[in-house]
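# Reading the structure
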Amino acid sequence: METHDTGPIHDLFVIGGGINGCGIARDAAGRGLKVALAEMNDLAWATSSASTKLFHGGLRYLEYFEFRLVREALKEREVLLAAMPHISWPMRFILPYHRDMRFDSETPTSRLLSRFMPWMKGRRPAWLIRLGLFLYDNLGGRKILPGTASVSLKDTPEGAPLKSRFEHAYEYSDCWVQDARLVVLNARDAAARGARIMTRTRVVGATRSDDLWLVETEDAEGQRQTHRARALVNAGGPWVSDVIKGTLRINSSEDIRLVRGSHIVVKKLYDHDKCYFLQGTDGRIIFAIPYEEDFTLIGTTDAEHEDPSQKPVCTPEEADYLRDFAGKYFKKQIRPEDIVWTYSGVRPLYDDGASSATAATREYVLSLDDAGAPLLNVFGGKITTYRKLAEAAMARIAPFFPGMDEDWTAGVALPGGDFPVAGVRTLLKGLRKDYPFLSDFWALRLVRCYGTEVRKVLGDAKTVGDLGRSFGGTVTARELDWAIKNEWVRTAEDFLWRRTKLGLRLTEAEIARIDGYIKAALVPIG
């Protein structure tokens, strides 16, 4: 059955519910535009929930001379941190140094050193790392995050988990972010500002009609609807080219390069709260990051991924690569049975003709097709610069919306983020006082999910029993009801692997009970 949109004409229709699509929808809605967004699966279903979960400038991108990208990302770290201190927080990174460190031979810096300092034989010298960290500290106008320091690895907590050959390291700052929650919070804020967010709704076609787009969607029940919009944004991520050539039937020479990044999650490797930036003898780098209190996250790889319809998975070879890479640094060797979870995401990088996946640019490209009603195609981008990408997208379509409001998102908190960067401890103290039945882990998890909105989730509960049915792992009926009503949760997977990472802590039977509860709760809605 098909229905036509007889309501108001949308100013902007966004295809894609990842971080770029939701960021653009939020920005546009906040400028007073009428916005609709369609995502064919759950929010953050693909790339945006499968990152290394860092707001970072990209230290290694300096070796590719991507100074504009790094500067923009470094400046954004602190802007974003201030807007969402519940889901993002500062972290210190330990970069152990050893003379065996090597460049990726494809980097411009490597080629320059090979030409003018051939005796280095591809080694990454300490003076160059210090120069890179100096630039990293100063390119972005750092105000909140502490700068670089030298660290001894002898008889220190930072050196304790590492092999004895590592005696010296550098320590610098970047930020953690809960990537999938970032997407959901942008969608929630967009909806609060009037945007219509449609999940599990596929765009099956779109055509220009005079000065409008007619966008046909199909929801999970097979219902089709035609929407009218003055402009269309294609933020399809890995499917951006498929949308252009398949859904919109437009010829285009622009394309993306799909690069798979895989991660492994293992039992906790060390006890402190700092991360490790590990350099390999093959020129690549990986991170080892404290994860969800009891685990260590290790990643990422860079591998070509040909088909976006093929769900990315961490292959056994990639898992072995990450285990072996980390094993060159850590005393404790990671066995295959130590891996508790793996995940993989596809980065849709703009195809600039680079010779390798690692060398492909992380810059975003916005391509405007104004042969009729405007179409903006979004290629590439990284999670740290999503807000700037959204501003740039609005600048590209601004000529079609005279009188549109100015940039506004810098410094505006996302839902639950209206408290100081250093205010988590105060928030936790107040929460534990008002809800004394919460354990330390439970209270911290809720604050890191919901920030100042946590009391809306818990309501007037005086005991654990007041939160309704308990499903294990601190999951209760009241929290599930909140997520269903406010965060577009439709399955246990949505809640356990994207709104939270509690899937790491629950049994299959507990997950099945959560899925059954969600399905039953949706019956009156559907």
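For the structure itself, consult the block above.
Report follows, based on the coordinates. (Residues numbered from 1 in each chain as written. Predicted model: local features only at pLDDT ≥ 70, side-chain atom pairs only at ≥ 80, totals over all residues. Heavy atoms only, no water.)

## Notes on the layout of surface pockets
Approximately 910 Å³ is the volume attributed to the second largest pocket. Lining the second largest pocket we find 31 residues, and of these Trp-89, Asp-273, Glu-293, Leu-444 and Arg-448 sit closest to its centre. When residues of the lining of the second largest pocket are traced back to their parent elements, those giving at least two are strand S5 (88–97), strand S14 (285–291), strand S15 (295–299), helix H9 (424–434) and helix H10 (440–450). No other element matches the five residues that H10 contributes to the lining of the second largest pocket. Here the residues of the lining of the second largest pocket sort into 16 nonpolar, four polar and 11 charged. (1 Å grid on protein atoms, 1.4 Å probe; cavity = no way out; pocket = protein on both sides within 12 Å on 5 of 7 lines; lining within 4 Å. Points joined across faces, edges and corners; volume = space filled by probe spheres on them. Helix = DSSP H or I, 4+ residues; strand = E, 2+ residues; numbered from the N terminus. Nonpolar A, V, L, I, M, F, W, Y, C, P; charged D, E, K, R; others polar.)

## Here's the deal with the environment of Arg-71
Among the secondary structure elements, Arg-71 is positioned in helix H2 (residues 67–83). In contact with Arg-71, other than residues within four places in its own chain, are Leu-139 and Gly-140. A polar atom in the side chain of Arg-71 sits 3.4 Å from the backbone oxygen of Leu-139. (Contact = heavy atoms within 4.5 Å. Polar contact = N/O pair within 3.5 Å; in protein donor to acceptor, adjacent residues only side chain to side chain.)

## Considering a nonpolar patch on the surface
Taken together, the side chains of Phe-65, Phe-67 and Leu-112 define a hydrophobic patch exposed on the protein surface, amounting to about 260 Å² of accessible area. Residue placement: Phe-65 occurs in the loop between strand S4 (54–55) and H2. The exposure class assigned to Phe-65 is partly exposed, which follows from its relative accessible area of 39%. (Patch = residues over 30% accessible without salt bridge, like charges linked within 9 Å, V, L, I, M, F, W, Y side chains within 5 Å. Areas by Shrake-Rupley, 256 points an atom, 1.4 Å probe, with all protein chains shown as cover. Salt bridge = Lys/Arg side-chain N within 4 Å of Asp/Glu carboxyl O. Buried < 20%, exposed > 50% of the residue type's maximum accessible area, 1.4 Å probe, protein only.)

## Points about empty space enclosed by the protein
Using the criterion set out here, one finds five cavities of 30 Å³ or more in the structure. In this structure, the largest cavity encloses a volume near 80 Å³. Lining the largest cavity are Lys-53, Trp-176, Gln-178, Asp-179, Ala-180, Arg-181, Tyr-291, Glu-292, Arg-498, Arg-499, Thr-500 and Lys-501. Counting residues per element, the ones that place at least two in the lining of the largest cavity are helix H5 (179–192) and helix H13 (492–499). Counting residues per element, the lining of the largest cavity draws most heavily on H5, which supplies three residues.

## Structural notes on the environment of Gly-327
Within the secondary structure, Gly-327 sits in helix H7 (residues 316–327). Placed 164 residues apart in sequence, Gly-327 and Lys-163 show a C-alpha to C-alpha distance of 9.2 Å. Look past the residues within four positions of Gly-327 in its chain and what remains in contact with it is Lys-163 and Gln-333.

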